[in-house]
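Residue strings, one per chain:
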Amino acid sequence: MLPGPAMAPRLCLLLGALLAGALDAQQQQFMEYMERRLAVLEERIAQWHDQSSRYSTELRDFKNQVITMMENMEKERERLHTEVETTAVRVERLEREVDYLETQNPAPPCVEVDEKLVENQVATAKQRKNEKYDKLTDCSDTISQVKAMKILKRFGSTAGLWTKDPVGTSEKIYVFDGTANDTVYVFPRMREFTLFSATRKAARIKLPHPWVGTGHLVYGGHLYYIRQHGTFQVIKFNLANKTIVDSSVFPAEEQIPVFGLSAFNYIDVVADEEGLWAIYATKENEKNICLAKLDPRSLDIEQMWDTPCPRENAESAFVVCGTLYVVYNTRLPSRSRVQCVFDVSGTLSSEDASLVYFPKRYGSHSSMKYNPKERHIYAWDDGYQIIYRMEMKKKTEV
């Protein structure tokens, strides 16, 4: 049944109302959706603003730190520049003072060879060759063993010498680098020599004549070193005023290297409790090593001995309480050992002496200097500086 004409307007109104309600609900939902989206955007904008503000603050702080560091570095650079200029002024002044001191020191004397004096020394020494040695001290010790070994450092050439003055209280370390040179390095104490690899902490003594070999010695404020000038000479050099005090031509007709494994050594000056000694070899008795007692004041030879110790495979030697200890090795480096002993008083023989071994290290010793004050041996082994501490016993206990 179709609606009548009177029903049509009411149906249109009803449909209009229904459509208007649906549109209002959709609009309300859309507005709520937009409000949520806007709230999310506002939250993100607020977070970005906070982070941006924090980053700006950190960047500003970092910039201030960099500026402060650059200002400090500039101040430090200016300070170092000032110190360098001050040091340069001091070095220049020191060089002028050194030049002045060198002009004040007398020129080193010309070392002449007095043939008459040499002949007299040879004659006197040969006359006393077979006499009994008169000891100057009551020292009667002999080496029992190597108690300890300490490797200080590695310095300089494979061959060289380092030593201390056993007389007095000086702690200076004297270093002879190489087997032919004219400059001695002097370190104020063992600490400076041990800690610093360079020579900037060392004073330098330039000798008037170059040395040869590693047979030199510092004793009683003087340096006794070997010079080759046609013949071999022992030069006595005063370390205080840097002048030559005396010199002596060694009374040997024709000298040869004293140690078979150290071809650069013709004379080895050593010290012990008795004083100064010279270890050498001559063509006349070329198979064995010779020993001489020296007067440290005049360099006169007081007495000479032909020892039974062979030169072959010998690398070094030293004297303790009037007894010569010869250290041997092999051409291919092995453990060094004392294999021949010669006692000038005749109390101790090689058969009775203890067999002393030195721990194998690097090569063979180019020098071994006994310090009678400390009972140590200062050794140079293939560029390494070593201290051997010796344990002693009485010769009567052998």
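Residues numbered from 1 in each chain as written. Predicted model: local features only at pLDDT ≥ 70, side-chain atom pairs only at ≥ 80, totals over all residues. Heavy atoms only, no water.

Participant: What's the story with the state of the cysteines in this structure? I'm lost.
Facilitator: In a disulfide, the sulfur atoms of two cysteines are held together by a covalent bond. Across all of its chains, the model carries 2 disulfides by this definition. Shown here is the disulfide that connects Cys 139 with Cys 321, its sulfur atoms set 1.6 Å apart. Within this pair, whereas Cys 139 is found in the loop between helix H2 (115-127) and strand E1 (141-154), its partner Cys 321 is found in the loop between strand E14 (314-320) and strand E15 (323-328), the two being separated by 182 residues in sequence. Note on cysteine connectivity: Cys 309 is disulfide-linked to Cys 340, with sulfurs 2.1 Å apart. (Disulfide = S-S within 2.5 Å. Helix = DSSP H or I, 4+ residues; strand = E, 2+ residues; numbered from the N terminus.)

Participant: I keep staring at the sheet that holds E1 and nothing clicks. Help me out?
Facilitator: One key point about sheets: their strands pair by backbone hydrogen bonds, in either a parallel or an antiparallel sense. The 4 strands are arranged E1-E20-E19-E18 in an open sheet whose pairing can be described as antiparallel. The outermost strands of the open sheet, each flanked by one partner alone, are E1 and strand E18 (365-371). In this sheet, adjacent strand axes meet at a mean angle of 20 degrees when their direction is disregarded. (Pairing = 2+ DSSP bridges. Axes fitted to C-alpha atoms, helices over the stretch in contact; angles between N-to-C directions.)

Participant: Looking at this structure, how should I read unusual backbone geometry?
Facilitator: In terms of backbone geometry, most residues other than glycine have negative phi values and most peptide bonds are trans. Although it is not a glycine, Arg 375 sits at a positive phi angle of roughly 60 degrees. Within the secondary structure, Arg 375 is located in the loop between E18 and strand E19 (376-381). The partly exposed category is assigned to Arg 375, whose relative accessible area is 23%. Its identity is not glycine, yet Asp 382 carries a phi of approximately 55 degrees, on the positive side. (Buried < 20%, exposed > 50% of the residue type's maximum accessible area, 1.4 Å probe, protein only.)

Participant: Explanation requested: the nonpolar core in the structure shown.
Facilitator: Soluble globular proteins tend to bury their nonpolar side chains together. Counting 23 residues, the largest nonpolar core has Phe 318, Phe 358 and Tyr 388 as its most contacted members. Secondary structure elements with two or more residues in this core: E1, E14, E15, strand E16 (336-343), strand E17 (356-358), E18, E19 and strand E20 (384-394). For this core, the element with the highest residue contribution is E20, accounting for 5 residues. The residues touching Tyr 388, leaving out its near neighbours within four places in the chain, are Val 146, Ala 148, Met 149, Phe 358, Pro 359, His 365, Met 368, Arg 375, His 376, Ile 377 and Ala 379. Membership of the second largest hydrophobic core comes to 21 residues, among which are Val 258, Trp 305, Cys 340 and Phe 342. (Core = buried A, V, L, I, M, F, W, Y, C linked by side-chain atoms within 4.5 Å. Contact = heavy atoms within 4.5 Å.)

Participant: Before we go on, may I ask you to explain the side chain of Asp 272 in this structure?
Facilitator: Assignment of secondary structure puts Asp 272 in strand E10 (residues 267-272). The charged side chain of Asp 272 is buried without a salt bridge, its nearest counter-charge being Lys 293 at 6.2 Å. Within the structure, Asp 272 has its side chain in polar contact with the backbone nitrogen of Gly 322 (distance 2.7 Å). Sequence-distant contacts of Asp 272, defined by excluding residues within four places in its chain, comprise Trp 277, Val 319, Val 320, Cys 321, Gly 322, Tyr 370 and Pro 372. (Lys, Arg positive; Asp, Glu negative; His and termini not counted. Salt bridge = Lys/Arg side-chain N within 4 Å of Asp/Glu carboxyl O. Polar contact = N/O pair within 3.5 Å; in protein donor to acceptor, adjacent residues only side chain to side chain.)

Participant: For this particular structure, what's the right way to read the sheet that holds E14?
Facilitator: On the basis of which strands lie adjacent, the open sheet formed by 4 strands has the order E14-E15-E16-E17 and antiparallel pairing. What marks the edges here is a single partner per strand, and that holds for E14 and E17. The sheet shows a mean angle of 30 degrees between the axes of neighbouring strands, taken without regard to direction. Bridging between E15 and E16 involves 6 bridges; their strand directions are antiparallel. Note on E16: the bridge partner recorded for Thr 323 is Asp 343.

Participant: What's the story with the pairing of strand E8 (residues 231-238) in this structure? I'm lost.
Facilitator: Both faces of the sheet carry side chains from a regular strand, because those side chains alternate between them. With respect to burial, E8 is a largely interior element, 7 of its 8 residues being buried. Where strand E7 (residues 222-229) meets E8, 8 bridges bridge the pair, whose relative direction is antiparallel. Within the sheet, the bridge partner assigned to Gln 228 lies in E8 and is Phe 232. If you look at the hairpin formed by E7 and E8, you'll find 1 residue sitting between the two strands, and Gly 230 has a positive phi there, around 80 degrees. For E8 and strand E9 (residues 243-249), the ladder comprises 6 bridges, and the chain directions are antiparallel. Its bridge partner being in E9, Asn 238 is matched across the sheet by Thr 243. Where E8 folds back on E9, the antiparallel hairpin that results is connected by 4 residues, among which Lys 242 adopts a positive phi of roughly 60 degrees.

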